[in-house]
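# Examining the three-dimensional arrangement
Here is how the chains run, residue by residue.
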Amino acid sequence: MKLRTDFVQLYRDVHSWVGIIAGLFLFVAFYAGAITMFEEPLQSWASAPVALPPPVSLERTPELLQKALAAHPEARTDYTIAVTPEDAQRGRLTWDGSGGQVHHAPTQVMAAGLDAEGNLVVVPKTPSDAARFVDVLHQQVGMPLPHTPAMILMGIVALLYAIALVSGVIAYLPALVKTLFAVRLGQSVRKRWLDLHNLLGLFSLPFHLVMAISSVVFAFHGQIFALEHLLFPGPVAGQHGGMQGGRHGGGPGPGPRPGPGGGQDAQSAASVTSAVGASAPVVPVLPPVLAPTDILALVTRQAPGFVPEVLNYMQLGHGKDVVRVFGYDVRYPTRGPTGGFMVLNSRTGAVQSGEYVPGHQPAKFAILTSFFALHFGSFGGTPVRWGYVVLGLAGAFLFYTGNQLWIVSRRRRERQSGDVVETRGTRLLAALTTGCTTGCVAGISAVFCAVPVLPFGGTYGAVSAVYYSVFCLFVGAAFCLPGQRGIRLLLGAAGGVTACVPLMLCLYGAHLLRTPEGLGVAGMAALLSAFLFAGAVKHTREI
């Protein structure tokens, strides 16, 4: 079926204008989103190591708990046990060191261990907020706004994104079949940007459709959950718990890990309260909480194949104390970026909530889980996550090429109409495109270059100040240095800052470079810096 010419032109106009409006927001979201695939190794590197003895065995953990809770009774209400504390950043036992007080100081976590003589050793540690900041930057499409309005803005951008995808497919797909692999790098600038944009857009179309739809789900998840409850009435235990922490979580949390400094938030705690009930009768005599080994044995029987990583004990009172078991199952997609969770009564072992255990979800939860898993890449293991890194960076470049294509086409039309000087709108978009894209890349690179010299590896306020200072500097420079000279300078500067990331990893993060993820971070930064330098060299003449 062949569309009328006026319809095709209408869809092209919609695609162009909607893409222009959303393109710069989406560049930040996709670039930062690709970085968040390395969130855990970057968090490990950025946080200062703690001087703890080697973790005690799980069998000796009750002894550690007894001594730690006797010395620090405030930890009884909420503490976390790491099942496999393999790195230096996580002790076997941790709890929130702020005492439940909300203040502006960095979040402090207390980590406990036993020395060779069996004496209790408790040390404070302050996790870096650098990786969390990049995660929030991704969620909020680069805008330094309160979380709720930023998520509304993100939802609007995602809707525009979906409109641009649909209109682009309708307008350009028939013509793309003929010139799909014709990337005319040696011809005009407009044809080069057009071919690159079309090639990237077509081959990553399924990925972009998933990102657009799932982003709308995240932005308006409250309304979606209300509709879900209307369509599927009945008690929904832990209805909002799957949004805890992590990317696109219920709040800008640092990740899917529970416990202090690890992504526990109010919504997840509310899910536990919903799961176990809030009005149970008082139990006169309470049995002791089950040991970690007993909890793990119960989980193994309830969900074979589920691999527990973290046990989060919470004291809710009324005999309804619980333990949240966070983990993963490589056979199934998961609700969170790295796994799901099960809620057990910590004293009886009875399952209170299992809707978020991978492979054990009812249909209504599995449907939403598919959106989360497709967005986070939390399926298929490491190859899929690396694929999402490449697709995320390619997506960011897709939006950059779209803006450049519009700018080049607009300049050509202006010159054909006899304009000697380009219009204000063209100059504005050209400066914003160059400044925002290079500023985003340089700003994120600057954050991780600054991590080793910032106190506590960078508090949220500190890393935010570093990023937005660099970002605003690049945007300002783009307006002060228009034309190819400004583009070459900013691309080269962004490449230089990015090239410092693997250098800082070599100087301060040798332990990270001994892991595949760390080598991947360093290699990706080196390749990206080379790409930026090549782009700076390519811009040798005025468009």
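In this text the structure is predicted, and so the values were computed from the model without any measurement.

### Quick look at empty space enclosed by the protein
On inspection of all chains with the given rule, the structure shows 3 cavities of 30 Å³ or more. Taken together, 22 residues form the lining of the largest cavity, with Ala 29, Phe 30, His 138, Met 211 and His 375 sitting closest to its centre. Those elements that place two or more of their residues in the lining of the largest cavity are helix 1 (5-36), helix 5 (147-176), helix 7 (205-219), helix 11 (363-376) and helix 12 (382-416). Counting residues per element, the lining of the largest cavity draws most heavily on helix 1, which supplies 6 residues. Here the residues of the lining of the largest cavity sort into 14 nonpolar, 7 polar and 1 charged. In this structure, the second largest cavity occupies an estimated 200 Å³ of space. In terms of lining residues, the second largest cavity is bounded by 16 residues, among which Tyr 31, Ile 35, Val 501, Val 521 and Ala 525 are the most central. Sorting elements by how many residues they give to the lining of the second largest cavity places helix 17 (residues 516-538) first, with 4 residues. Split by residue class, the lining of the second largest cavity holds 14 nonpolar, 2 polar and no charged.

### Considerations on helix 10 (residues 292-302)
Since the α-helix packs 3.6 residues into each turn, any two residues three or four apart lie on the same face. Buried residues of helix 10: Pro 292, Ile 295, Leu 296, Leu 298 and Val 299, and no others. The arc that holds every buried residue of helix 10, seen down its axis, measures 160°, which confines them to one face. Against the buried residues of helix 10 lie helix 3 (61-71), strand 1 (78-82), strand 5 (307-314), strand 6 (322-328) and strand 7 (340-345).

### A look at the packing of helix 14 (residues 460-480) against helix 15 (residues 483-508)
Remark: helix 14 packs on helix 15, axes separated minimally by 10 Å, with the N-to-C direction vectors making an angle of 160°. Between helix 14 and helix 15, the angle falls in the class roughly antiparallel. The way helix 14 lies across helix 15 gives a crossing that is right-handed. Residues Phe 474, Ala 477 and Ala 478 of helix 14 lie in contact with helix 15, whose contacting residues are Leu 490, Ala 493 and Ala 494. Of the residues that constitute the contact of helix 14 with helix 15, the class distribution is 6 nonpolar, no polar and no charged.

### Comments concerning helix 15
For helix 15, built from 26 residues, the straight-helix expectation of 38 Å at 1.5 Å per residue is met to within 8% by its first-to-last C-alpha distance of 38 Å. Among the structural elements, helix 2 (39-46), helix 13 (424-450), helix 14, helix 16 (510-513) and helix 17 are those in contact with the buried residues of helix 15.

### Topic: the sheet that holds strand 5
Strand-to-strand pairing in sheets goes through backbone hydrogen bonds, with the strands running parallel or antiparallel. If you trace the 8 strands from one edge of the open sheet to the other, you get 4-3-2-1-5-6-7-8, paired in antiparallel fashion. Of all the strands in the sheet, the pair left with one neighbour each is strand 4 (120-125) and strand 8 (351-353). Neighbouring strand axes in the sheet, compared pairwise and without regard to direction, differ in orientation by 30° on average. In this structure, strand 1 lies alongside strand 5, joined through 5 bridges in antiparallel fashion. What sits directly across from Tyr 79, in strand 5, is Tyr 313. Packing against the sheet, helix 3 makes contact with strand 1, strand 2 (93-96), strand 3 (109-114) and strand 4, and its axis sits at approximately 130° to strand 3. Where helix 10 meets the sheet, its contacts fall on strand 1, strand 5, strand 6, strand 7 and strand 8, and the angle it forms with strand 5 comes to roughly 125°.

How each quantity is defined
Residues numbered from 1 in each chain as written. Predicted model: local features only at pLDDT ≥ 70, side-chain atom pairs only at ≥ 80, totals over all residues. Heavy atoms only, no water. 1 Å grid on protein atoms, 1.4 Å probe; cavity = no way out; pocket = protein on both sides within 12 Å on 5 of 7 lines; lining within 4 Å. Points joined across faces, edges and corners; volume = space filled by probe spheres on them. Helix = DSSP H or I, 4+ residues; strand = E, 2+ residues; numbered from the N terminus. Nonpolar A, V, L, I, M, F, W, Y, C, P; charged D, E, K, R; others polar. Buried < 20%, exposed > 50% of the residue type's maximum accessible area, 1.4 Å probe, protein only. Arc of directions from axis to C-beta. Contact = heavy atoms within 4.5 Å. Axes fitted to C-alpha atoms, helices over the stretch in contact; angles between N-to-C directions. Parallel < 35°, antiparallel > 145°, perpendicular 65-115°, else oblique. Left-handed = near helix turned anticlockwise from the far one by under 90°. Expected span 1.5 Å × (residues − 1). Pairing = 2+ DSSP bridges.

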